[in-house]
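# Summary of the model geometry
Each chain is listed here by its residues.
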Amino acid sequence: MKPKILWTAAVLSMGLPIGLHVHAAYANPDNAIPYNNRVLTLNDAITQALETSPRLKMAQATISANIAGERQAAAWSNPEFALEVENFGGGGAYRRFQSAEISYSLSQTIELGGKRQARRAVAAGDRRIAEIQAERQQLDLLHDVTVAYGNVLSMMERYTLAQDQSRLADEVTATVRRYVDAARDPLVQLEKAELARTTSSIALAQADRDLSTAKYTLAALIGLDLQGIAFDASVLAHRPALPSIGDLRNDVASSPDLAIYDLTAEKGRATLAAEKAQAIPDPNVTLGFRQFEESGHNAFLLGVSIPIPVVNRNQGNIERARQEIVYAESERMQSARDLERAVMTAYQTAQMAEQEARLLETSALPQAEKALKLSREGYERGRFDYLEVLDSQRTLHDLQIQIIDNRNRSFIARAELDRLSARHRGLIEGRR
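Parameters at a glance
- Residues numbered from 1 in each chain as written.
- Predicted model: local features only at pLDDT ≥ 70, side-chain atom pairs only at ≥ 80, totals over all residues.
- Heavy atoms only, no water.
- Patch = residues over 30% accessible without salt bridge, like charges linked within 9 Å, V, L, I, M, F, W, Y side chains within 5 Å.
- Areas by Shrake-Rupley, 256 points an atom, 1.4 Å probe, with all protein chains shown as cover.
- Salt bridge = Lys/Arg side-chain N within 4 Å of Asp/Glu carboxyl O.
- Helix = DSSP H or I, 4+ residues; strand = E, 2+ residues; numbered from the N terminus.
- Axes fitted to C-alpha atoms, helices over the stretch in contact; angles between N-to-C directions.
- Parallel < 35°, antiparallel > 145°, perpendicular 65-115°, else oblique.
- Left-handed = near helix turned anticlockwise from the far one by under 90°.
- Nonpolar A, V, L, I, M, F, W, Y, C, P; charged D, E, K, R; others polar.
- 1 Å grid on protein atoms, 1.4 Å probe; cavity = no way out; pocket = protein on both sides within 12 Å on 5 of 7 lines; lining within 4 Å.
- Points joined across faces, edges and corners; volume = space filled by probe spheres on them.
- Pairing = 2+ DSSP bridges.
- Core = buried A, V, L, I, M, F, W, Y, C linked by side-chain atoms within 4.5 Å.
- Buried < 20%, exposed > 50% of the residue type's maximum accessible area, 1.4 Å probe, protein only.
- Contact = heavy atoms within 4.5 Å.
- pLDDT = per-residue confidence, 0-100.
- Phe/Tyr/Trp six-rings, centres within 6.5 Å; stacked < 30°, edge-to-face > 60°.

So, on to a nonpolar patch on the surface. Together, Phe81, Leu83, Val85, Phe88, Phe97, Tyr104 and Leu106 line one region of the surface with nonpolar side chains, adding up to about 700 Å² of accessible area. Contributing elements (two or more residues each) for the nonpolar patch: β5 (80–86) and β6 (101–109). Sorting elements by how many residues they give to the nonpolar patch places β5 first, with three residues. Topologically, Phe81 is positioned in strand β5.

With that settled, consider the packing of helix α3 (residues 115–181) against helix α4 (residues 187–222). For any two helices packed against each other, one specifies the crossing angle of their axes together with the interaxial distance. Viewed as axis vectors pointing N to C, α3 and α4 meet at an angle of 160 degrees, and their least axial separation amounts to 8 Å. The pairing of α3 with α4 is recorded here as roughly antiparallel in orientation. Considering the relative orientation of α3 and α4, their crossing is left-handed. In the contact of α3 with α4, the residues fall into 24 nonpolar, nine polar and nine charged.

If a probe the size of a water molecule is rolled over the atoms, the empty space left behind becomes visible. Taken as a whole, this structure holds one cavity of 30 Å³ or more when the rule is applied. Quantified by volume, the largest cavity comes out at close to 50 Å³. Considering the residues around the largest cavity, the lining is formed by Val172, Thr175, Arg376, Tyr379, Glu380 and Val389. Secondary structure elements with two or more residues in the lining of the largest cavity: α3 and α7 (315–380). No other element matches the three residues that α7 contributes to the lining of the largest cavity. A per-class count over the lining of the largest cavity returns three nonpolar, one polar and two charged.

Moving on, we come to the sheet that holds β5. Ordered by their spatial adjacency, four strands build an open sheet running β5-β6-β9-β10, and the pairing between neighbours is antiparallel. The open sheet is flanked by β5 and β10 (297–305), the only strands paired with a single partner. Here the average twist between neighbouring strands, direction ignored, is 20 degrees. By the bridge criterion, seven bridges tie β5 to β6 in an arrangement that is antiparallel. Looking across to β6, one finds that Ala82 is bridged to Ser105.

Ranked by internal contacts, the top residues of the largest apolar core, which has 34 residues, are Leu40, Val145, Leu218, Ile222, Leu226 and Phe231. Of all the secondary structure elements, the ones that give two or more residues to this core are α1 (42–52), α3, α4 and β8 (229–232). By residue number, the principal contributor to this core is α3, which donates 11 residues. Apart from residues lying up to four places away in sequence, Val145 is in contact with Leu42, Ala45, Ile46, Ala49, Leu218, Leu221 and Ile222. Residues Val180, Ala368, Tyr379 and Val389 belong to the second largest nonpolar core, which totals 16 residues.

What follows concerns the confidence of the model for the protein chain. Per-residue confidence for the protein chain gives a mean pLDDT of 84, with 89% of residues at or over 70. Within the protein chain, no element has a lower average pLDDT than strand β1 (residues 4–11), which sits at 27, and none a higher one than helix α6 (residues 256–278), at 95. Considering only residues more than four positions removed or in separate chains, one finds that residues 1–28, a stretch of pLDDT under 50, has 93 contacts.

What follows is about the packing of aromatic side chains. Throughout the structure, instances matching the rule amount to two aromatic pairs. Ring geometry for Tyr149 against Phe231: centres 5.8 Å apart, planes inclined by 65 degrees, an arrangement best described as edge-to-face. Residue Tyr149 is found in helix α3, and its partner Phe231 is found in strand β8; the two are separated by 82 residues along the sequence. The same class applies to Tyr149 as to Phe231, namely buried. Where Phe289 meets Phe300, the ring centres are 5.8 Å apart and the plane angle is 65 degrees; that geometry is what we call edge-to-face. Taken together, the residues Phe289 in strand β9 (residues 284–292) and Phe300 in strand β10 connect sequence positions 11 residues apart.

Right, here's the structure in full:
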């Protein structure tokens, strides 16, 4: 299935320039819904993913569950009602119920040491962690959709290039066949041309499969049927300047990837307070009413019981909570170092890929195109051997593949920088 290419100009609201519209029909994952608009921009894909992603619905369910847990943590313990009957069913005066003593009582445990407040603080910590986790999930999804969209565009370029190579191989083979028929070239030249044409046909089929796979990956992420949908494809070729390393570092320092460790340590401190509160014994107060059947008199009951913390003072749980705080703080420091390294790696990758693509486009590519043109003209005039044409054709193809790969490598590295620095956090916050 061959895509039709139309050139237009547009601008994505995220700041990524858009240009080439590529029409193709690939990928129709199960449960995908039809897309009425015929052009799917990157912004459209991201919006659709944020609205329909199951993983985001799971994250929201986790937040709702933790909100319910926070509400439950604020609840008081329930009182206990007790009914007690004594001195009945025996012998003599205690036969039947004439000497029975019947007691009705209510018991309530009174929590001391701020246990209820501590539980609420721990539950609130869980809720805040779930919220920041949901934000990270949204950023991950935005990154994944961006990379998948870029891969579709890259595979589309490869497919178009494979079409050109296949068409060129057909033309060269036809020329060689004429020369062989005219006894100008030996038959072996035709065999080489046929082999090159077969190879290009195989490469075209592989490019078609790779494009279908890339389209299916994107369709699965956004939950859309992409049959017959157009794509805005110039994002691989035209991008704004990279942000400075200083700006990226500042953004990373306030990113949810580090904030989650701060929240984890905060929850750990709340847990430590809760465990210390558990070491304080809670009295249980009982108030009741007793009936004496034999005399017909009544009396009130009052009781208090207090655990004696001589064996279990919750020392183990208290120490465990302390170490969990140390772990969370240390994990944050390690994560900050890992993020710093990842930012530098992605930044250098984007810079090098763009520089290499620019150099290939402005210098090597024109030379390779000129070399192929001269070799074909020289071959047609009988000045060059067919191998010169074949070598020039392969050189040009390899350069074009390098340019496509460098563009995509830069695009992926930029998406990684956007994810690490949470640069599109405002887009997500605006949808809440």
